[in-house]
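# Observations on the model geometry
In case you want the letters, here they are:
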Amino acid sequence: MTQLLSATDICFQRDDKAILQNVSLELQRGEILTLIGPNGAGKTTLVRILLGLLHADSGSVQFAPGVSVGYMPQKLFIDNTMPLSVYRFLALTGKTCRAEVVAALQRVGVNDLINTEMTRLSGGELQRVMLARAILRKPDLLVLDEPVQGVDISGQSQLYRLIGQLRTELGSAVVMVSHDLHLVMAQTDTVVCLNHHICCHGHPEHVSVDPAFLELFGRQQDTGVAVYTHHHDHQHRHGSGECLD
């Protein structure tokens, strides 16, 4: 497998509070890596550092030469007074012809929305349009920050399966952030549990419930999507802190 991304000893601090402490990870082509953790754990901060949108205080991020990235941010703010159709929104990504936009929308199942105003989309429709935007240029790496946010449980399962299919079709790698700790897509290859530092990481099937996990995250009910649990070999510090995720 080809290594697309390597992050080494990433540290980031804000207002004298450590947000990320010595975080390291590697990502191979074709791999799906899911970041999980509580609010304020540093998940979105780490994603922004990987993308070069924030600069780490120390550590390094390296991409393989020529790697293209498709990014789906956690939130999208659109001025309600600005008329912006789905097509015009996707065309803003650069030199893209209408046929390519139609193909991307069709692949995520919302090609009938091409002329719909962005402000009229439901939560699930918006997430699929955002995913279409991320895959439009057939990237080597998809970075998806909370891709199922605002989507019901049934819709979440469908989106997770779609992301797995897109990984295979594009031959890309995926870094995905999950806020719902008990929901991790079944086809995730690697799970990284982050709470300012890496608590643990590995294949979902190699981890299980322990008292430290239950103390930190609470017990969750199985919702039909893969349940993620893990062992700790240390204790976390608890604190409120500012939510940066």
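The model shown is predicted, which means the values in this text are computed figures rather than measured ones.

## A short note on the overall build of the protein
Counting secondary structure elements, the protein contains 6 helices and 9 strands. Counting every atom, the protein has about 12,100 Å² of accessible surface; 48% of that belongs to carbon and sulfur.

## Looking at the packing of helix H4 (residues 123-135) against helix H5 (residues 153-170)
Following both chains from N to C, one finds H4 and H5 inclined at 10°, their axes separated by 12 Å at the closest point. Taken together, H4 and H5 sit at an angle that is classed as roughly parallel. Residues Gln127, Arg128, Leu131 and Ile135 of H4 touch H5, and the partners they reach there are Gln158, Leu159, Leu162, Ile163, Leu166 and Leu170. Residues belonging to the contact of H4 with H5 are distributed by class as follows: 7 nonpolar, 2 polar and 1 charged.

## Things to note about the sheet that holds strand E7 (residues 173-178)
With mixed pairing, the 6 strands of this open sheet are ordered in space as E5-E6-E7-E3-E8-E9. Strands at the two margins of the open sheet, each flanked by one partner only, are strand E5 (69-72) and strand E9 (198-202). This sheet shows a mean twist of 15° between the axes of neighbouring strands, independent of strand direction. Bridge count for strand E6 (residues 141-145) against E7 is 5 bridges, and the pairing is parallel. Counted as the bridge partner of Leu141 is Ala173 from E7. Contacting E5 and E6, H4 runs over the sheet at an angle of about 165° to E5.

## Overview of the packing of aromatic side chains
In the structure shown here, the tally under the stated rule is 0 aromatic pairs. Looking at Arg98, its charged tip hangs above the ring of Tyr87, at a distance of 4.7 Å from the centre.

## Comments concerning the sheet that holds strand E4 (residues 58-63)
The sheet built from 3 strands is open, its strands ordered E2-E1-E4 with antiparallel pairing. The sheet is open, and its two edges are formed by strand E2 (17-28) and E4, each paired on a single side. Taking each pair of neighbouring strands and ignoring which way they run, the sheet shows an average axis angle of 15°. By the bridge criterion, 5 bridges tie strand E1 (residues 3-14) to E4 in an arrangement that is antiparallel. Counted as the bridge partner of Ala7 is Val61 from E4. Against the sheet, helix H1 (residues 43-50) touches E1, E2 and E4, its axis set at about 60° to E2.

## Considerations on the nonpolar core
Leu90, Leu105, Val129, Leu131 and Leu144 are the most contacted members of the largest nonpolar core, which has 33 residues in total. Listed by contribution, the elements that provide at least two residues to this core are helix H2 (86-91), helix H3 (98-107), H4, E6, H5 and E7. For this core, the element with the highest residue contribution is H4, accounting for 6 residues. Excluding its chain neighbours within four sequence positions, the residues that come into contact with Leu131 are Met72, Val108, Leu144, Leu159, Leu162, Ile163 and Leu166.

## Focus: the pattern of salt bridges
Here the structure, examined in full by the defined rule, presents 3 salt bridges. Of the charged contacts in the structure, one is a salt bridge between Asp140 and Arg29, with a shortest N-O distance of 3.4 Å. One end of the pair, Asp140, is in the loop between H4 and E6; the other, Arg29, is in the loop between E2 and strand E3 (32-36), with 111 residues separating them in the sequence. On the basis of relative accessible area, Asp140 is assigned to the buried category, the value being 17%. Judged by its relative accessible area of 30%, Arg29 falls in the partly exposed class. For Arg107, the salt bridge identified is with Glu169, shortest N-O distance 2.6 Å. Here Arg107, found in helix H3, pairs with Glu169, found in helix H5; they are 62 residues apart in sequence, far enough to count as distant.

## Describing the pairing of E9
Pairing of strand E8 (residues 190-194) with E9, which is carried by 4 bridges, proceeds in the antiparallel orientation. Of the residues in E9, the one forming a bridge with Cys193 is Cys200. Between E8 and E9, which pair antiparallel and follow one another directly, the connecting turn spans 3 residues, one of which, His196, has a positive phi of 75°.

What counts, and at which threshold
Residues numbered from 1 in each chain as written. Predicted model: local features only at pLDDT ≥ 70, side-chain atom pairs only at ≥ 80, totals over all residues. Heavy atoms only, no water. Helix = DSSP H or I, 4+ residues; strand = E, 2+ residues; numbered from the N terminus. Areas by Shrake-Rupley, 256 points an atom, 1.4 Å probe, with all protein chains shown as cover. Axes fitted to C-alpha atoms, helices over the stretch in contact; angles between N-to-C directions. Parallel < 35°, antiparallel > 145°, perpendicular 65-115°, else oblique. Contact = heavy atoms within 4.5 Å. Nonpolar A, V, L, I, M, F, W, Y, C, P; charged D, E, K, R; others polar. Pairing = 2+ DSSP bridges. Phe/Tyr/Trp six-rings, centres within 6.5 Å; stacked < 30°, edge-to-face > 60°. Lys NZ or Arg CZ within 6 Å of the ring centre and 35° of its normal. Core = buried A, V, L, I, M, F, W, Y, C linked by side-chain atoms within 4.5 Å. Buried < 20%, exposed > 50% of the residue type's maximum accessible area, 1.4 Å probe, protein only. Salt bridge = Lys/Arg side-chain N within 4 Å of Asp/Glu carboxyl O.

Note that all results are geometric; they support no functional claim without further evidence.
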